Amino acid sequence: MATPGIGMPAMVDTAKSDGVTDQGNNKRAWTISPRIGLSLTSTDHANVGGSAQGESDLITEISPGIRINAQTVRLRGYLDYALRGQFYSKNNGSRHQNSLNTFATLEAIDDWFFIDASGNISQQSISAFGPQSPSDTSINSNSAETATYRISPYIRGTIGGLADYTVRYSASATRANNSAVSNLDTSQWIAQLRGGTPFHNLRWSLDANRQTADYANGRKTDADLTRLLLTYLITPQFSISASAGWERNDYASLDKESKNTHGYGFDWNPTSRTQISAFKERRFFGDGHRLSISHRFPNSSIRYTDTRDISILPNQFATAGMGSLYDLYYDYFESLIPDPAARSAFVNALLASAGIDPNRQVVSGFLSSQASKQRQQQLAFVLFGARNSLTLQFSRNENSRIAAALASTADDFSQSSTIRQTGASLTFSHRLSPLSSLNVTAGRQKSKGSNTGANDLETTMTHYQVSLATKLGTKTNGSLSARRAKYDSDINPYTENALTATLLYTY
């Protein structure tokens with residue numbers, strides 16, 4: 001929320017504190033940017049899980065934080081952490097929240113052994129049918145601080161110039177500060193061989209995947225998948241592919257079951273700015289698929305994705321592309337900033353300059369205690385201008401309980417075997433001056449499930465926000481925002497109006 005609205009930015013160093021210069025390179029290898037924020041929120045409904053009438057409150061938040069960027073020869077990554085202390089005049093006294101977003105890649109041995117590490121801490125909805133929070137300062141029993149950490153060492157190389165290989169191990173842990181949410185530990189081995197054939201346009205790859213997911217409040221599941229994929233290049237821009245494989249898992253039964261798999265698809269890149277990819281595969285749960293269509297115009301970008309697969313992790317951490325603004329801008333700048341770590345740092349700084357939350361989701365999802373069949377559809381459009389930017393997103397998620405995933409766990413699947421969530425979001429940013437920007441956001445989300453009782457489960461969340469962000473000094477930024485939220489549900493519906501003033505000082 002520092003500088004002007006988004007518009008097409010210049011490629012500049014966003015670091016604001018002392019750093020260490022990488023030898024032989026003029027840019028800083030390390031940049032460290034401490035900061036501290038102060039905000040005051042006046043709301044007429046602080047406890048969104050309480051009565052429909054609510055209670056007004058004045059909320060003070062103090063949030064010291066730090067951002068570290070690393071761009072060395074062997075280590076590339078970033079860490080952004082904030083500790084948010086919240087103090088309520090009337091409700092609940094005080095509390096604190098953690099916020100973390102980090103990713104790093106270490107090249108331990110030149111061009112052979114690498115280690116990826118990532119972490120995320122944020123507030124997540126426990127149930128799709130419980131009250132949704134318009135802000136992390138709202139008191140909401142349906143929200144849990146959820147942390148996911150992942151480490152993934154891997155090796156890659158070439159065997160005799162005939163095939164490329166990759167072997168990766170990945171371990172992740174998801175923890176929530178609410179006993180109603182199941183903690184989850186996952187481990188996964190992935191091995192891949194890729195090579196050519198005497199036929200110049202025909203290539204092959206062999207993939208093997210073994211995954212274990214251990215839910216604290218649910219079942220431990222194991223899954224194995226092996227797949228041979230053949231790809232034939234018809235033209236430099238168009239290729240077709242076919243697969244045959246085998247999988248074994250215990251998702252749908254207490255004992256492991258095996259099934260053969262097969263699929264087909266194509267990739268088409270008619271221009272350097274247009275990509276179309278589709279693949280359909282027969283799996284144990286039916287037909288799985290993935291479809292991706294994207295195109296970059298000179299000042300805009302459009303993308304549509306549609307996938308159907310098994311989801312192990314909570315919705316918010318399963319894959320990228322769940323609707324966060326960060327994902328959209330990260331993809332948009334791929335051609336301008338090829339390095340993933342540098343691009344990530346740039347996108348985070350870009351969104352922060354306009355006062356836009358990079359992690360905002362179109363569909364907030366929910367925390368489950370079992371694997372599920374999941375279909376995700378998303379349409380996104382981003383428009384850049386000299387003074388204006390516009391982001392429009394539509395999203396639809398459908399999660400279904402797997403037949404024998406055993407509904408004894410106390411999550412949303414104990415109420416409904418299928419949960420559908422649809423959402424739309426509009427974000428508009430206008431640069432008023434070189435120092436100030438006006439931002440408008442509007443969003444709507446609907447969650448629906450078939451209840452085991454007489455009535456269907458259905459909730460709707462609608463929110464609007466207008467904010468003015470300005471640069472008050474060399475290191476000081478301020479913003480003023482007004483929001484309105486309306487939550488419709490048979491249980492605990494509410495409306496909220498709030499005004500928030502924020503100051504941010506970066507050292």
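This one's a predicted model, so the numbers in the text were calculated from it and none came from an experiment.

It is worth spelling out the overall build of the chain at this point. If you tally the helices and strands in the chain, you get three helices and 23 strands. In the chain, which comprises 507 residues, the share counted as buried stands at 46%. Long-range contacts, defined as pairs at least 24 residues apart, comprise 57% of the intrachain contacts of the chain with a sequence gap of at least 6. Per element, the accessible surface of the chain, about 24,000 Å² overall, is 57% carbon and sulfur.

Counted under the stated rule, the structure contains 21 salt bridges. When the shortest N-O distance is used, the salt bridge between Arg 227 and Glu 281 registers 2.8 Å. One end of the pair, Arg 227, is in strand 11 (residues 220-235); the other, Glu 281, is in strand 14 (residues 274-283), with 54 residues separating them in the sequence. Glu 281 shares its class with Arg 227; the two are buried. The salt bridge partner of Arg 396 is Glu 398, with a shortest N-O separation of 3.4 Å. Several salt bridges share partner residues, and in doing so they unite Arg 35, Arg 67 and Asp 80 into one network.

The next thing to look at is the pairing of strand 6 (residues 113-125). Two strands pair when backbone bridges link them, and strand 5 (residues 94-109) and strand 6 are joined in this way by nine bridges, in the antiparallel orientation. Its bridge partner lying in strand 6, Ile 109 is registered against Phe 113. The turn linking strand 5 back onto strand 6 is made up of three residues, and Asp 111 within it adopts a positive phi angle of 50 degrees. Pairing analysis gives 13 bridges linking strand 6 to strand 7 (residues 143-159), with the strands arranged antiparallel. Each bridged residue has a counterpart across the sheet, and for Gly 119 the counterpart in strand 7 is Tyr 149.

On to unusual backbone geometry. A positive phi is found at Asp 111, a non-glycine position, where the angle reads about 50 degrees. By the secondary structure assignment, Asp 111 is in the loop between strand 5 and strand 6. Looking at Asp 111, the relative accessible area reads 52%, which means it is exposed. Not every positive phi belongs to a glycine, and Asn 492 is a case in point at roughly 55 degrees. Turning to its location among the elements, Asn 492 is positioned in the loop between strand 22 (476-488) and strand 23 (494-506). Note on Asn 492: relative accessible area 30%, which makes it partly exposed.

A contiguous nonpolar surface patch, about 710 Å² in accessible area, is contributed by Ile 36, Leu 38, Ile 62, Phe 87, Leu 472, Leu 503, Tyr 505 and Tyr 507. Only strand 2 (28-43) and strand 23 provide two or more residues apiece to the nonpolar patch. Structurally, Leu 472 can be placed in the loop between strand 21 (457-471) and strand 22. Using a relative accessible area of 53% as the deciding quantity, one classes Leu 472 as exposed.

What follows deals with the pairing of strand 9 (residues 184-196). Pairing of strand 8 (residues 163-176) with strand 9 involves 12 bridges; the strand directions are antiparallel. In the strand pairing of strand 9, Ser 170 is matched with Gln 188. Relative to strand 10 (residues 202-215), strand 9 is paired through 13 bridges, and the arrangement is antiparallel. Bridge pairing in strand 10 links Trp 189 to Arg 210. Here strand 9 hands over to strand 10 after five residues, the two strands then running antiparallel side by side.

Right, let's talk about the packing of aromatic side chains for a bit. Per the counting criterion, the structure on display carries nine aromatic pairs. Relative to Tyr 154, the ring of Phe 114 has its centre 5.2 Å away and its plane inclined at 15 degrees; by these criteria the two rings are stacked. Of the two residues, Phe 114 sits in strand 6 while Tyr 154 sits in strand 7, which places them 40 residues apart along the sequence. A relative accessible area of 6% places Phe 114 in the buried class. With a relative accessible area of 10%, Tyr 154 lands in the buried category. Look at Phe 366 and Phe 413: their rings are 5.8 Å apart centre to centre, the planes differ by 70 degrees, and that puts the pair in the edge-to-face class. Placement of the pair is Phe 366 in the loop between helix 3 (340-353) and strand 17 (372-384) and Phe 413 in the loop between strand 18 (388-401) and strand 19 (418-431), with a sequence separation of 47 residues.

A separate point is the nonpolar core. Core analysis: the biggest nonpolar cluster contains 15 residues, and Tyr 329, Phe 333, Val 347 and Phe 384 have the highest contact counts within it. Going through the elements one at a time, helix 2 (325-332), helix 3 and strand 17 are the ones with two or more residues in this core. Membership of the second largest hydrophobic core comes to 10 residues, among which are Leu 184, Ala 213, Tyr 215 and Ala 223.

Here the chain averages 85 in pLDDT, and 85% of its residues register 70 or above. Between the elements of the chain, mean pLDDT differs from a low of 43, seen in helix 1 (residues 315-318), to a high of 97, seen in strand 12 (residues 238-249). Note on residues 1-20: pLDDT under 50 across the span, and 78 contacts to partners over four residues away in sequence or across chains.

About the criteria used
All chains use their own residue numbering, which begins from 1 and follows the written sequence. Residues qualify for local features only when their pLDDT is at least 70, as the model is predicted, and side-chain atom pairs are given and counted only at 80 or more; totals for whole chains, interfaces and linings, by contrast, use all residues. To get the side-chain values, all heavy atoms of the structure are used, and hydrogens and water are removed first. The secondary structure listing takes helices from DSSP runs of H or I that are at least 4 residues long and strands from runs of E that are at least 2 residues long, numbered from the N terminus. Relative accessible area decides the class of each residue, using a 1.4 Å probe on protein chains only: under 20% of the type maximum gives buried, over 50% gives exposed, and in between gives partly exposed. Contacts are assigned to residue pairs that have any heavy atoms within 4.5 Å of one another. What sets the accessible areas is the Shrake-Rupley method with a 1.4 Å probe; for residues, cover comes only from the shown protein chains. Salt-bridge detection follows one rule: a side-chain nitrogen of Lys or Arg within 4 Å of a carboxyl oxygen of Asp or Glu. The criterion for strand pairing is that DSSP finds at least two bridges linking the strands in question. The patch calculation keeps residues exceeding 30% relative accessible area without a salt bridge and links them within 9 Å when they carry like charges or within 5 Å when they are nonpolar (Val, Leu, Ile, Met, Phe, Trp, Tyr). Each Phe, Tyr or Trp ring (for Trp, its six-membered ring) is paired with any other whose centre lies within 6.5 Å, and the angle between the two planes then decides the class: stacked below 30 degrees, edge-to-face above 60, tilted in between. Take the buried residues of types Ala, Val, Leu, Ile, Met, Phe, Trp, Tyr and Cys, join any two whose side-chain atoms come within 4.5 Å, and each joined set is a nonpolar core. Scored between 0 and 100, pLDDT is the confidence that the predictor attaches to each residue.

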